[in-house]
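Notes for the structure review
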Amino acid sequence: MPKFVELWVYLSATPLFGLTATLLVYLLTQAAYTAARHAPWANPVFWTVALLAGGLLLTGVPYPTYFAGAQFIHFLLGPAVVALGWPLWQRRADLQRRWGRLLIAALAGGFAASASALALGWALGLPADVLLSLAPKSVTAPVAMGIAESIGGIPALAAVFSVLTGLVGAICGKYLFDALRIPLDAAGWAARGFALGTASHGIGAARALQVHPDAGAYAGLALGLQVMLSSLWLPLLFRFA
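1. Re the overall build of the chain
Summing up its helical and strand segments, the chain has twelve helices and zero strands in all. For the chain, the N- to C-terminal ordering of α and β elements is α-α-α-α-α-α-α-α-α-α-α-α. Reported as C-alpha extents along the three principal axes, the dimensions of the chain are approximately 65 × 40 × 30 Å. Counting every position in the chain, which comprises 241 residues, the buried fraction comes to 39%. As presented, the chain carries roughly 13,600 Å² of accessible surface, and 76% of it is formed by carbon and sulfur atoms. Between the averaged position of the 13 positive side-chain charges in the chain and that of its 7 negative side-chain charges there is a distance of 8 Å.

2. Re helix H12 (residues 213-240)
Over its 28 residues, H12 extends 40 Å from the first C-alpha to the last, a length consistent with the 40 Å expected when each residue adds 1.5 Å. At Ser 230, H12 is deflected by roughly 35°, the largest bend along its length.

3. Some points on the pattern of salt bridges
A full pass over the atoms with the stated rule returns two salt bridges. Across the pair Asp 178 and Arg 192 runs a salt bridge whose closest N-O atoms are separated by 2.9 Å. Of this pair, Asp 178 sits in helix H10 (residues 155-179) while Arg 192 sits in helix H11 (residues 186-211), and the two are 14 residues apart along the sequence. Its relative accessible area of 35% is what places Asp 178 among the partly exposed residues. One salt-bridge network, held together by shared partners, links Lys 174, Asp 178 and Arg 192.

4. A look at a nonpolar patch on the surface
Together, Trp 41, Trp 47, Leu 51 and Tyr 175 line one region of the surface with nonpolar side chains, adding up to about 460 Å² of accessible area. Structurally, Trp 41 is set in the loop between helix H2 (16-35) and helix H3 (44-59).

5. Quick notes on the nonpolar core
Counting residues in hydrophobic clusters, the biggest one holds 20 residues, and the most contacted among them are Leu 95, Leu 102, Phe 194, Tyr 218, Leu 221 and Leu 225. Within the residue set of this core, elements represented by two or more residues are helix H7 (92-123), helix H9 (141-151), H11 and H12. For this core, the leading source of residues is H12, giving eight residues. In contact with Leu 225, not counting residues within four places along its chain, are Leu 102, Ala 106, Phe 194 and Ser 230.

6. So, empty space enclosed by the protein
Under the criterion given, the structure shown has one cavity of 30 Å³ or more. In this structure, the largest cavity spans a volume of roughly 30 Å³. Along its surface, the largest cavity is lined by Gly 110, Ala 113, Ser 114, Ala 135, Pro 136, Lys 137, Ser 138, Val 139, Gln 226, Ser 230 and Leu 234. Those elements that place two or more of their residues in the lining of the largest cavity are H7 and H12. Broken down by class, the residue content of the lining of the largest cavity amounts to five nonpolar, five polar and one charged.

7. Notes on the environment of Ala 83
Positionally, Ala 83 belongs in helix H5 (residues 77-83). Residue Ala 83 is classed as partly exposed on the basis of its relative accessible area, which comes to 47%.

8. Considerations on the confidence of the model for the chain
Of the residues in the chain, 91% reach a pLDDT of 70 or more, and the chain-wide mean stands at 82. Mean pLDDT across the elements of the chain ranges from a minimum in helix H1 (residues 2-12), with 51, to a maximum in helix H8 (residues 128-134), with 88.

9. Quick look at the packing of H9 against H12
Taken N-terminus to C-terminus, the directions of H9 and H12 make an angle of 10°; their axes are 9 Å apart at the nearest point. Classified by the angle between their axes, H9 and H12 sit roughly parallel to one another. Here H9 and H12 pass one another in a crossing that is right-handed. Here H9 contributes Val 143, Ile 147, Ser 150 and Ile 151 to the contact with H12, which in turn contributes Val 227, Ser 230, Ser 231, Leu 234, Pro 235 and Phe 238. The class makeup of the residues in the contact of H9 with H12 is seven nonpolar, three polar and no charged.

What counts and how
Residues numbered from 1 in each chain as written. Predicted model: local features only at pLDDT ≥ 70, side-chain atom pairs only at ≥ 80, totals over all residues. Heavy atoms only, no water. Helix = DSSP H or I, 4+ residues; strand = E, 2+ residues; numbered from the N terminus. Buried < 20%, exposed > 50% of the residue type's maximum accessible area, 1.4 Å probe, protein only. Areas by Shrake-Rupley, 256 points an atom, 1.4 Å probe, with all protein chains shown as cover. Lys, Arg positive; Asp, Glu negative; His and termini not counted. Charge placed at Lys NZ, Arg CZ, Asp CG, Glu CD. Expected span 1.5 Å × (residues − 1). Bend = angle between axes of the 7 residues up to and from the residue. Salt bridge = Lys/Arg side-chain N within 4 Å of Asp/Glu carboxyl O. Patch = residues over 30% accessible without salt bridge, like charges linked within 9 Å, V, L, I, M, F, W, Y side chains within 5 Å. Core = buried A, V, L, I, M, F, W, Y, C linked by side-chain atoms within 4.5 Å. Contact = heavy atoms within 4.5 Å. 1 Å grid on protein atoms, 1.4 Å probe; cavity = no way out; pocket = protein on both sides within 12 Å on 5 of 7 lines; lining within 4 Å. Points joined across faces, edges and corners; volume = space filled by probe spheres on them. Nonpolar A, V, L, I, M, F, W, Y, C, P; charged D, E, K, R; others polar. pLDDT = per-residue confidence, 0-100. Axes fitted to C-alpha atoms, helices over the stretch in contact; angles between N-to-C directions. Parallel < 35°, antiparallel > 145°, perpendicular 65-115°, else oblique. Left-handed = near helix turned anticlockwise from the far one by under 90°.

This is the structure in structure tokens:
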């Protein structure tokens, strides 16, 4: 026990703590996810976030201390997003035929995601800055923070809403698609992936990649389209609203 305490004191005070804790918890939750046969409720991202947050609260480790190590993994988010371009390149012929419909679907999906969140928040009487932070909830967190800041929202709150949206979509998407009877064929997987990437950005795309390559490819496309389109139309809309 004394050696374990000494190890804990050492790790908790160094950048190794955030990196080690993140990798260890994710590997454990990934193993549980595999054992559960990729059930949506066992999503490793959700459980990793929950366990790490609970661990930081119980141990009293400040978030900056944790992030000093976790930032090395955070840096890899950029290359990971770029890597989503490879499945799209493999399907470039299909994308060239469908680009018009995909663009319209991305615009409609992004508008529906923002409008529904704003309408629900307004009905609940949320403050204006919280409402503006909700608007980019279906865009990946770093971009959502920038959009929220440009329209008068709270960047940190926008990041929280973005992560929660991604987790909810990754966990509940399969059940919703099954209820809508979206088929499990090539067109169905493309539709499922595109919808998940539109509504739940990177976390949804990661889930789609684990389920089917076509779903993952179209989820990555939807993620990229939402980043570009929402960064343009949301600030313009609120500027003239």
